[in-house]
Amino acid sequence: ASLKGAELDALVGAPVGSGDGYPGDHSFLAARLPRGEWHRDARCDAIEAVVQVHRLRMVAAITGFTRIDAPTIDPTSGEADETTALAPIAANVEWYPAVESRGEGIFIQLSATAVEAWLARPAVVARVRSLAIAFVRWCEDLKISWGFPGGPYVLLHTLSHLLMQSLAMRCGYPSSALKERVYVDPERGRYGVLVFTASADVDGTLGGLVAQATTIEDHLLAALAEGRFCSNDPVCALHDPTPRLERRVTHGAACHGCTLVGESSCETRNEFLDRALVVPVIGLRDAALF
């Protein structure tokens, strides 16, 4: 099983409760909030579950170095492509230097029924097709051979960026301290995103992010309201990803004025984003899930 698959199994399998009294180990402790504790607004019916991740561990290892072209990240697996040559860290590699960080997070799972119904809408089919065409051209330019991550990945990734910006206003952490993991498992109908923070110089965090889970609807509605308009609209909202001239073929309605975040926070260096799949935008109001 892939690393992301194992992570998703642990998050989706979290027991219902507050997290207090559950054994868990020092590395991972998560609890699914009872629906009545966070769900109050019908506009958030597409959210299936909210999981408080009280403890998590992140390990980052250095496998090589590059100065000019950074490896491109496969959005599905989270792994780097093999076309970028990396300078090895040693002639005979027997171990890799790594950093262990501990922190907390919130996992949000979307309803498979809502996502599948959304994917069947004509406006969504047309929008995802244009993004897929642009993706093929992007792969040709980079000389990589990946499959298009799909509309649900772009939807979740964009929603994650909007949520991180909203959460940073109240959770006590700056947006640059927040990170994401996007999970798409269409075979088992599992779609979710983990927003988390982790620090290498302490044993844990203070719970400011986890505490926002009970008011996640407030953050979601604020994120959706902010995502409807961009200071660069209508140029941003009407952006066509298919032309290569702008070199923004992995972006739909997305730019630095609305959706892009610090690259240390994003798992794919701000690729595969489109507000139009999340909320109605100028010129395209029928492709949004919310």
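Attention here is on the structure that accompanies the text. Because the structure is predicted, anything quoted here is derived from the model rather than measured. (Residues numbered from 1 in each chain as written. Predicted model: local features only at pLDDT ≥ 70, side-chain atom pairs only at ≥ 80, totals over all residues. Heavy atoms only, no water.)

## Points about the overall build of the protein
Put simply, the test is: Counting from the N terminus, the helices are the DSSP runs of H or I reaching at least four residues and the strands are the DSSP runs of E reaching at least two. Only C-alpha atoms enter the radius of gyration; for comparison, a globular chain is expected to reach 2.2 Å times N to the power 0.38, where N is the number of residues. Remark: exposure states derive from per-residue accessible area (1.4 Å probe, protein chains only) relative to the maximum for the residue type, with buried under 20%, exposed over 50%, and partly exposed in between. Residue contacts are defined here by distance: any two heavy atoms, one from each residue, within 4.5 Å place the two residues in contact. Here the Shrake-Rupley method, with its probe set to 1.4 Å, supplies the accessible areas, and only the displayed protein chains count as covering residues. Here Asp and Glu are counted as negative and Lys and Arg as positive; His is not counted, and neither are the chain ends. For the purpose of locating charges, the reference atoms are NZ of Lys, CZ of Arg, CG of Asp and CD of Glu.
Counting its regular elements, the protein contains five helices and seven strands. Beginning at the N terminus, the succession of helices and strands in the protein can be written as α-β-β-β-β-β-α-α-α-β-β-α. Here the protein has a C-alpha radius of gyration of 19 Å; the compact-globule value for 290 residues is 19 Å, and the two agree. Along the longest, intermediate and shortest principal axes, the C-alpha atoms of the protein span 60 × 50 × 35 Å. Of all 290 residues assigned to the protein, the portion counted as buried reaches 49%. Considering only contacts in the protein between residues 6 or more positions apart, those separated by 24 or more positions represent 69%. Total accessible area on the protein stands at roughly 14200 Å², and carbon and sulfur atoms take up 54% of it. One way to put it: in the protein the 26 positive side-chain charges average out to a point 4 Å from where the 35 negative ones average out.

## Thoughts on helix 1 (residues 3–12)
How we decide: The directions considered for the arc are those from the helix axis to the C-beta atoms.
Along helix 1, the residues that are buried comprise Lys4, Gly5, Leu8 and Leu11. Along the axis of helix 1, the buried positions cluster into a sector of 125 degrees, meaning they face one direction only. Tucked into the core, helix 1 has its buried residues touching strand 2 (47–61), strand 5 (98–110), helix 4 (151–167), strand 6 (179–185) and strand 7 (190–199).

## Examining the side chain of Ser111
Note the threshold: Nitrogen and oxygen atoms within 3.5 Å of one another constitute a polar contact, given that in protein one can donate a hydrogen and the other can accept it, and given that sequence-neighbouring residues count only through two side-chain atoms.
Note that Ser111 resides in the loop between strand 5 and helix 2 (112–119). Take Ser111: its relative accessible area is 10%, and that puts it in the buried class. Engagement of the side chain of Ser111 in a polar contact is seen with the backbone nitrogen of Thr113, the distance being 3.3 Å. What Ser111 contacts, discounting residues up to four positions off in sequence, is Ala46 and Glu48.

## With respect to the sheet that holds strand 1 (residues 29–32)
Keep this limit in mind: Strands pair, by our definition, only if DSSP identifies at least two bridges between them. Orientation is described by axes fitted as lines to C-alpha atoms, over the contacting stretch for helices, and by angles from 0 to 180 degrees between their N-to-C directions.
The five strands lie next to each other as 1-2-5-7-6, forming an open sheet whose pairing is antiparallel. Only two strands of the sheet have a single partner each, and these edge strands are strand 1 and strand 6. Averaged over all adjacent pairs, the angle separating strand axes in this sheet is 20 degrees, with direction ignored.

## Re helix 3 (residues 122–142)
Quick reminder of the rule: Expected span of a helix, by definition, is 1.5 Å for each gap between consecutive residues, and there is one gap fewer than residues.
The end-to-end C-alpha separation of helix 3 is 30 Å, in line with the 30 Å expected for 21 residues at 1.5 Å each. Within helix 3, burial applies to Val124, Arg127, Val128, Ser130, Leu131, Ala134, Phe135, Trp138 and Cys139. Turning to helix 3, the residues buried within the fold contact helix 2 and helix 4. Just past helix 3, the residue Lys143 takes up positive phi, approximately 60 degrees.

## Observations regarding the pattern of salt bridges
Basically, it comes down to this: Salt bridge criterion: a side-chain nitrogen from Lys or Arg within 4 Å of a carboxyl oxygen from Asp or Glu.
Enumeration over the complete set of coordinates arrives at 10 salt bridges. Of the charged contacts, one joins Glu267 and Lys4 as a salt bridge, the two residues approaching to 3.0 Å between their closest N and O atoms. Of this pair, Glu267 sits in the segment after helix 5 (216–227) while Lys4 sits in helix 1; the two residues are 263 residues apart in sequence, bridging distant segments of the chain. Residues Arg43 and Asp41 are paired through a salt bridge, measuring 2.8 Å at the closest nitrogen-oxygen approach. Look at the salt bridges and you will find they share partners, linking Asp9, Asp185, Arg188 and Arg190 into a network.

## Topic: the nonpolar core
Under the convention used in this document: Residues belong to a common nonpolar core when they are buried Ala, Val, Leu, Ile, Met, Phe, Trp, Tyr or Cys residues joined through side-chain atoms within 4.5 Å.
Membership of the largest hydrophobic core comes to 57 residues, with the highest contact counts inside it found for Ile47, Leu110 and Phe290. For this core, the secondary structure elements donating two or more residues are strand 2, strand 5, helix 2, helix 3, helix 4, strand 7 and helix 5. When residues no more than four places from it in sequence are discounted, the contact partners of Leu110 are Ala46, Ile47, Glu48, Val115, Leu155, Leu156, Tyr191, Leu289 and Phe290. Counting 12 residues, the second-largest nonpolar core is a separate cluster that includes Ala14, Phe107, Tyr183 and Ala198.

## Structural notes on the environment of Ile62
Secondary-structure assignment places Ile62 in the loop between strand 2 and strand 3 (64–65). Residue classification places Ile62 among the partly exposed residues on the basis of a relative accessible area of 38%. For the pair Ile62 and Leu86, spaced 24 residues apart in sequence, the C-alpha separation works out to 11 Å. Ile62 has contacts with Ile89, Tyr96 and Pro97, leaving out every residue within four places of it along the chain.

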